[in-house]
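Analysis of the macromolecular model
Take a look at the letters that make up each chain.
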Amino acid sequence: MYRSTAAARDAVLYARIEKDLKHFRLDVEFSCAPGSLLAVVGPSGAGKTTIIRAIAGLERIDGGVIRWGGETWDDVDAGVHVPVRERGVGYVFQEFTLFPHLSIYRNAAYAARDGKRVEELLRMFDIWHIRDSKPHRVSGGERQRCAICQVLARDARVLLMDEPFSALDAPNRRKLGELLRVVKRETPIPIIHVTHDIGEARLLGDEILPVVAGRVEPKWILPFLLPLGDLGGAVCRRGGAEGRPDEQGEVELPVPRREYCL
Amino acid sequence: MYRSTAAARDAVLYARIEKDLKHFRLDVEFSCAPGSLLAVVGPSGAGKTTIIRAIAGLERIDGGVIRWGGETWDDVDAGVHVPVRERGVGYVFQEFTLFPHLSIYRNAAYAARDGKRVEELLRMFDIWHIRDSKPHRVSGGERQRCAICQVLARDARVLLMDEPFSALDAPNRRKLGELLRVVKRETPIPIIHVTHDIGEARLLGDEILPVVAGRVEPKWILPFLLPLGDLGGAVCRRGGAEGRPDEQGEVELPVPRREYCL
Amino acid sequence: MTFRSLAIACGFAVFLMYGGLIVSLLYFVHGPSFLQVLLSDRTVYSLVLSLLTASVVTVGAVAVALPAAYALSRYRFPGRRLVDAILELPMIVSPVALGAMILIFFSTPAGALLQERGGYVIFTVYGIVLAQFVTTAGVATRLIKTVFDDIPRRYEELAWTLGASEAKGFLTVVIPMGRRGIVSAAIITWAKALGEFGATITVAGSMAFHTETLPIAIFMRLAQADIEGAAVLVLILITIGLAVLFGVRAFTGRGAYV
Amino acid sequence: MTFRSLAIACGFAVFLMYGGLIVSLLYFVHGPSFLQVLLSDRTVYSLVLSLLTASVVTVGAVAVALPAAYALSRYRFPGRRLVDAILELPMIVSPVALGAMILIFFSTPAGALLQERGGYVIFTVYGIVLAQFVTTAGVATRLIKTVFDDIPRRYEELAWTLGASEAKGFLTVVIPMGRRGIVSAAIITWAKALGEFGATITVAGSMAFHTETLPIAIFMRLAQADIEGAAVLVLILITIGLAVLFGVRAFTGRGAYV
Amino acid sequence: SWGAELLVFAGAAAKPPLEEIAGSFTRRTGVTVKTTFGGSGFVLSQMALAGRGDVYFPGSSDYMEIAKARGIVPPQTERIVAYLVPAVVVQKGNPKNIKSLHDLTRPGLRVAIADPEGVCVGLYAVEIVERNFSPEAKAAFRRNLVSYTDSCEKTAAAVSLKAVDAVIGWEVFRRWDPHRLEVIPLKKGEIARIGYLPIGVTKFASDRALAQRFVDFVLSPEGKAVFRRHGYFISPEEARSWIGAPKPVGGEYRPPRDWIRR
Ligand SMILES: Nc1ncnc2c1ncn2[C@@H]1O[C@H](COP(=O)(O)OP(=O)(O)OP(=O)(O)O)[C@@H](O)[C@H]1O
Ligand SMILES: Nc1ncnc2c1ncn2[C@@H]1O[C@H](COP(=O)(O)OP(=O)(O)OP(=O)(O)O)[C@@H](O)[C@H]1O
Ligand SMILES: [Mg+2]
Ligand SMILES: [Mg+2]
């Protein structure tokens, strides 16, 4: 269903990303196999968006390498930086950016080879009836669904999604989840899914990459991995737990009572 | 803690809103007492954003009235339309719009009477350390937190929040939830909270207004109100259940297995 | 007074200034002479020549300005600030002086060689086009650069992640998104070219039925102290110029999405 | 050739055109005469007068254009399209003709009354200011309107929900957000006022040490067939004009947020 | 002689008669005559810079002197076409009741002359003032002098448009705008000299014989008749009899330094 170039089939994405941000240095290393979904999870401001912008080639990294299969996309020491469009990544922006001057349909079809596929996706996500509206005249969730269709309608070699569920209601979340399973099965490419929500990461991710204040912090998700229900506090060292990058040392971890910790 | 004008204390917000949208007519009626939180919930594209834009005065309604206490804000038959700023509503936009030319601090302080309150809020939501950054240089969640601070720092007579949790991680969701409880207790004003997520609505709302395709549709939330766990399908008449406004008749309702229906 | 009425009052103040000038022209014009001047062969020639050269120049200037403005707005290259700094030159130097500079250029060995090889420009219709191009190209570039500066980069980023080349991003995203500003710049370019007089008369002369554009014809009337004739020609220029612009704007101005 | 190099090449083409014109001026200028002309009292007077009037006019024109442009961009009021349509008038009508229109206006009974009551404008320094104002105000309004058109309404909506009045929204949101475009419009206005010649000489005459701006001085040199003197004055005008603009732009151009 | 053409550069003041003559010349010989009009000095600069132009016909003698001095017009080709007599020019109906040259010193009048530095008629005006006014009268005149105009035509237009009450110009001005101008003749003694309109073939002329033919045609009875019809004196005798006294034709005059400051 979801098509990709033949060469892409066995290509693993590998990234070691270092970048100075305003209050900390982002320094993470990970790889993602084709057909596997890596959920990058972490508190707000942890550096998640920066990671996928770097993979897309929209952000220059200050150190490290990014490789996809045999291709080197970024290599700071060797001075390599492949332009965005040659990477062939599909990227759903956190702000679900759409072209303001194009209708929903023409947005979705911008990079599609195949009109049938576009129609299929728009119908699946229930925005076929507003296909002629401009983005500023549709609702937030409708815009986000269009951004997802836009990316799923093209041949991507890596799929990057930044909080693609943020404005989606339950049925549309379910649809996207199902669709991602189909993609993983039929056109195995690496998928990176950014979210602030452990629940989402647990349900979707084949692997989970927890990022806190720019570093991989496996302990951060421990408390969330315990069975749902009432729990006491848990203690974890290094790296502020609540996305406070300047806080070091012992901190009390947030303990979710439910998926919504209110 | 959260201040408001004395006159605001006992003012009930009442709205009967009719407006022609692209594919259906929005037609809802509700009221919201001071100190009470009305959760407007419904699928994507149901008309939720339109409702609070109308209350804010940003959208002209085609029929109905909007009243707050003794004031009439909108009355189509009488030709009344009070300008936005005279309504004194606090509105968190779904896109968490900030002024791009102002720093995080100056954004939050735009309408604040009191610098201390601003600092308090920025510290509480952990964005004090980036107070001098411009919005385009901070993360999505940081922007949304700033938009929330901006509104909570001012004296509002009605609080309108459009999906204020969409980019927030668990700790920040919890903080906002707590803060809303404080607001409700200490400065009772009507609060309208828009979300596509029943879980959120259930946890926060004193009352829930389910909107589907422009109409109040109490049956729509029935299946979500059953205890969590595996359930069979449930049937509900009228109004497309999955936000498909043009679909009429019997439809199968989505049945959430968890809060995340993937 | 509310801010709203103050702002609208300012709008009308600007209108009244120009409207008043037009009305005072009517004080000098009498019906029959208007038609007589309008329908004379010479006026028709000037009018067609003016509309034609202004349109050709606008197309050329905008065609060069679009990529140039994009380069200035998006790329960092050595000499960028220098290029950027010189764009207002044709405004700072009044048209007559600019025309003189063009003549001076053609009197240098380089310019002379160019004319020998490429054919004469001075005192021909090509001279009109050149003079108008020189007076407008810089400003057109500056105006379009301002438009591009205000288009957020993230739309191009989106296009690139969707596999678009820089050229495709430019053509399918930047230009359509800046459409209104570009049309506005083109309109100003056209208006400026249509009204261009000083450089034109200097480079191309004022030969009747040859290089006499409408502004030159107006000047010649004034030069003969024929105020009535000048007033009639000014009215013709204003009527046709504003009508064309009104039409263009009505046709292209729709479809804001902000 | 990539799109990038094509775009940069276009930028340099525009540069070369103007750069070439400046260089060919040097062909006519000899060192000593440059200094001699530059330091003469008369040149200094013209220079100061030009810089002063252009600056005063820019402040005035932008001050009127800001609210007028906002009204045209945001409000629907009867006559809006008419006001909008007339803004290019000073471009379409060449400056000499515009100057003549101003003279014509003051020769009508209404204009004569105005001058009797309010003092003479024609052939005075006020005439310079008036002529430059009339030639620039419309374009300044048009340019700033384009800037405002491209500022999304939702920022004003945000300001209003935060309790800002329309005036406060205008002052704290629209103007700062459109800052770069407004500065750009002001620069074009200033450049145009500085280089304005045709309307100025028609309305204010060309008296040395009185109403002789630098462009008028250049023209008078040309009119005396003193090409070298004209070339020197053009160089002075270009140098000072571009230097001021370069400074202004370096000072205000920072801080994009797109 | 198909294809032959002549470029004529002329002062704008002589436009109507010259265009008429050029038309007859073309009809008679088939030679296209392209005339460019402008300020006499300005068109001279234009010719010098462009290195083109066959015939030079300035609006006054001093530019011909410059052209000869620069070698642009060989002195032997210069001929005189018409003669000009200075006069006071006032608005039609003489609303300020100006009867003589000395009335121009009356307080409250607005007077202009052409720029003595660039425009010949200004030079003649300065000479008349210097010759006839006492130092006190001169001072009074200069108090009334509001500006210099930059060309012959604008000197006339200044009165036509009521920008000033009077100018010292040419007697022929009244023929340019008979509806708005009136001429007050000077007294015999007040006039210093008679102006004239010279014409000459330039060194740039590619076909000198043809250019000379055109000059001869202008000077032929047919050409002179046209000039007479437009109100010019075509012989010194005509001018002298209008003045009523013999006066020299042309000659040099240097204005005192205080009229022209560098
Ligand atoms: N300016 C507009 N003009 C006409 N129709 C509109 C406009 N804005 C939105 N709509 C349509 O009205 C409907 C309701 O939009 P609204 O933004 O209120 O939805 P919503 O409930 O907020 O959805 P979401 O959860 O996706 O944000 C949608 O179908 C949308 O396409
Ligand atoms: N352009 C920038 N320059 C410097 N620092 C930046 C820039 N953009 C973001 N930052 C900072 O870098 C950190 C990481 O930002 P990033 O957008 O990657 O966070 P995130 O994990 O995506 O958070 P969220 O879940 O809130 O979107 C934040 O502290 C932010 O303030
Ligand atoms: Mg992010
Ligand atoms: Mg919404």
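Up top you'll find the structure we're talking about.
**Overview of the overall build of chain C**
When you go through chain C residue by residue, the secondary structure sums to 14 helices and zero strands. Its helices and strands in sequence order give chain C the pattern α-α-α-α-α-α-α-α-α-α-α-α-α-α, from N to C terminus. Going through the 258 residues of chain C one by one, you find that 64% of them count as buried. Once local pairs closer than 6 in sequence are excluded, the contacts in chain C between residues at least 24 apart make up 77%. Within the structure as shown, chain C displays about 8,700 Å² of accessible surface, and the carbon and sulfur contribution to it stands at 71%. Averaged over its 18 positive side-chain charges, chain C has a centre that lies 10 Å from the centre of its 13 negative ones.

**Quick look at the nonpolar core**
In terms of nonpolar packing, the biggest core is built from 340 residues, with Ile17(A), Ile17(B), Phe148(C), Phe148(D), Tyr56(E), Phe214(E) and Phe227(E) touching the most fellow members. If near-sequence neighbours (up to four positions away) are discounted, Phe214(E) is found in contact with Leu6(E), Val8(E), Leu18(E), Ala22(E), Phe25(E), Val33(E) and Val55(E).

**Points about the relation of the copies chain D and chain C**
Screw-axis analysis of chain D against chain C gives a translation of 0.1 Å along the axis, an RMSD of 0.1 Å, and a rotation angle of 180°. Taken together, the rotation and translation relating the two chain copies correspond to the operation of a two-fold axis. When the interface residues of chain D are mapped onto chain C, 100% of them again lie at the interface, so the same face is used by both copies.

**A word on the coordination of the magnesium ion (ligand 3)**
All names here are of chain A. At 1.9 to 2.3 Å from the magnesium ion (ligand 3) lie its protein donor atoms, namely Thr-49 (OG1) and Gln-94 (OE1). With a gap of 45 residues between them, Thr-49 in helix 1 (residues 48–56) and Gln-94 in the loop between strand 7 (89–92) and helix 3 (104–108) connect regions that are remote in the sequence. Judged by its relative accessible area of 22%, Thr-49 falls in the partly exposed class. Residue classification places Gln-94 among the buried residues on the basis of a relative accessible area of 12%.

**Here we look at helix 5 (residues 140–152) of chain B**
Taking 1.5 Å of rise per residue, 13 residues should cover 18 Å, and helix 5 of chain B covers 19 Å from first to last C-alpha, within 8% of that figure. With 13 of its 13 residues buried, helix 5 of chain B lies for the most part within the structure.

**Re the site of ligand 1**
With respect to spatial proximity, 19 residues lie near ligand 1, and among them Ser139(A), Gly141(A), Ser44(B), Thr49(B) and Thr50(B) are the closest. Residues near ligand 1 are shared among chains A and B, making this a multi-chain site. One of the backbone nitrogen or oxygen atoms of Arg137(A) is found 3.1 Å away from a nitrogen atom of ligand 1. Ala46(B) places a polar main-chain atom, nitrogen or oxygen, 3.1 Å from an oxygen atom of ligand 1. Considering ligand 1 on its own, with 640 Å² of exposed area, one finds that the protein chains cover 90% of that surface. For the shell around ligand 1, the secondary-structure elements that each account for two or more residues are helix 5 (140–152) of chain A together with helix 1 (48–56) of chain B. Its residues assigned to classes, the shell around ligand 1 shows five nonpolar, nine polar and five charged.

**Description of the interface of chain E and chain D**
With 28 residues of chain E at the interface, the matching set in chain D holds 28 residues. In total, chain E and chain D occlude about 2,500 Å² of area from one another, counting both sides; carbon and sulfur atoms represent 61% of this. Our count for the contact surface shared by chain E and chain D stands at zero salt bridges. There are two residue pairs in polar contact (both at pLDDT 80 or more) connecting chain E and chain D. Where the side of chain E that touches chain D is concerned, the elements lending two or more residues are helix 2 (40–50), helix 3 (61–69), strand 7 (145–149) and helix 6 (152–160) of chain E. Considering each element in turn, the side of chain E that touches chain D owes the most residues, six residues, to helix 2 of chain E. Considered class by class, the residues forming the side of chain E that touches chain D number 14 nonpolar, five polar and nine charged.

**Some thoughts on the site of ligand 2**
Lining the immediate environment of ligand 2, one finds 19 residues, of which Ser44(A), Thr49(A), Thr50(A), Ser139(B) and Gly141(B) sit closest. Ligand 2 is flanked by residues contributed from chains A and B. Lys48(A) is positioned with one of its side-chain polar atoms (N or O) 2.7 Å from an oxygen atom of ligand 2. The contact in question runs from a nitrogen atom of ligand 2 to an N or O atom on the backbone of Arg137(B), over 3.1 Å.

**Thoughts on the pairing of strand 3 (residues 37–41) of chain B**
All names here are of chain B. Counting buried positions along strand 3 gives five out of five residues, so the element sits mostly inside the fold. Neither face of strand 3 is exposed, since Leu-37, Ala-39 and Val-41 on one face and Leu-38 and Val-40 on the opposite face are all buried. Where strand 3 and strand 9 (residues 191–195) come together, five bridges link them in parallel fashion. Note that in strand 9 the partner of Ala-39 across the bridge is His-193. The sheet contact formed by strand 3 and strand 10 (residues 207–212) spans four bridges and is parallel. Directly across from Val-40, in strand 10, lies its bridge partner Leu-209.

**What about the state of the cysteines?**
All names here are of chain A. Going through the model one piece at a time under the given rule, you end up with zero disulfides over all chains. With no disulfide partner, Cys-146 has as its closest neighbouring cysteine sulfur the one in Cys-149, 6.3 Å distant. When its relative accessible area of 0% is taken as the criterion, Cys-146 is described as buried.

**Notes on the side chain of Gln150(A)**
The topology assignment puts Gln150(A) in helix 5. Residues in contact with Gln150(A), not counting those within four places in the same chain, are Thr97(A), Leu98(A), Phe99(A), Asn107(A), Ala108(A), Tyr110(A), Leu158(C) and Leu162(C).

**Remarks on the environment of Arg193(E)**
Residue and element names in this part refer to chain E. For Arg-193, the location among the structural elements is in the loop between strand 9 (181–184) and strand 10 (195–201). Expressed as a C-alpha distance, the spacing of Arg-193 and Phe-233, which sit 40 residues apart in the sequence, is 14 Å. Ignoring any residue separated from it by four or fewer positions in sequence, one finds Arg-193 in contact with Pro-86, Tyr-124, Glu-127, Lys-247, Pro-248, Gly-250, Gly-251, Glu-252 and Tyr-253. Of the polar contacts made by the side chain of Arg-193, one reaches the side chain of Glu-127; its length is 2.8 Å.

**Here we look at the side chain of Ser44(A)**
Within the element layout of this structure, Ser44(A) appears in the loop between strand 3 (37–41) and helix 1. In terms of polar contacts, Ser44(A) uses its side chain to reach the side chain of Arg145(B), at 2.4 Å.

**Details of the interface of chain D and chain C**
If you look at the interface, chain D gives 94 residues, while chain C gives 94 residues. Buried area between chain D and chain C, summed over both chains or domains, comes out near 8,300 Å², and the portion from carbon and sulfur atoms is 80%. Sorting the residues of chain D by area buried against chain C places Phe3(D), Tyr18(D) and Ile92(D) first, and these three jointly supply 9% of that buried surface. Inspection of the region where chain D meets chain C yields two salt bridges. Linking Asp150(C) and Arg180(D) is a salt bridge whose minimum nitrogen-to-oxygen distance equals 3.5 Å. Taken together, chain D and chain C are joined by eight residue pairs in polar contact (both at pLDDT 80 or more). Ranked by residue count, the leading element in the side of chain D that touches chain C is helix 1 (residues 3–26) of chain D, at 17 residues. In terms of residue class, the side of chain D that touches chain C is built from 66 nonpolar, 15 polar and 13 charged.

Calculation criteria
- Residues numbered from 1 in each chain as written.
- Chains lettered and ligands numbered in written order.
- Predicted model: local features only at pLDDT ≥ 70, side-chain atom pairs only at ≥ 80, totals over all residues.
- Heavy atoms only, no water.
- Helix = DSSP H or I, 4+ residues; strand = E, 2+ residues; numbered from the N terminus.
- Buried < 20%, exposed > 50% of the residue type's maximum accessible area, 1.4 Å probe, protein only.
- Contact = heavy atoms within 4.5 Å.
- Areas by Shrake-Rupley, 256 points an atom, 1.4 Å probe, with all protein chains shown as cover.
- Lys, Arg positive; Asp, Glu negative; His and termini not counted.
- Charge placed at Lys NZ, Arg CZ, Asp CG, Glu CD.
- Core = buried A, V, L, I, M, F, W, Y, C linked by side-chain atoms within 4.5 Å.
- Least-squares fit on C-alpha atoms with pLDDT ≥ 70 in both.
- Donors = N, O, S within 2.8 Å, 3.2 Å for Na, K, Ca; no water.
- Expected span 1.5 Å × (residues − 1).
- Near = heavy atom within 4 Å.
- Polar contact = N/O pair within 3.5 Å; in protein donor to acceptor, adjacent residues only side chain to side chain.
- Nonpolar A, V, L, I, M, F, W, Y, C, P; charged D, E, K, R; others polar.
- Buried area = accessible area lost by both parts, 1.4 Å probe.
- Salt bridge = Lys/Arg side-chain N within 4 Å of Asp/Glu carboxyl O.
- Pairing = 2+ DSSP bridges.
- Disulfide = S-S within 2.5 Å.

All quantities given are derived from atomic positions and should not be read as evidence of function.
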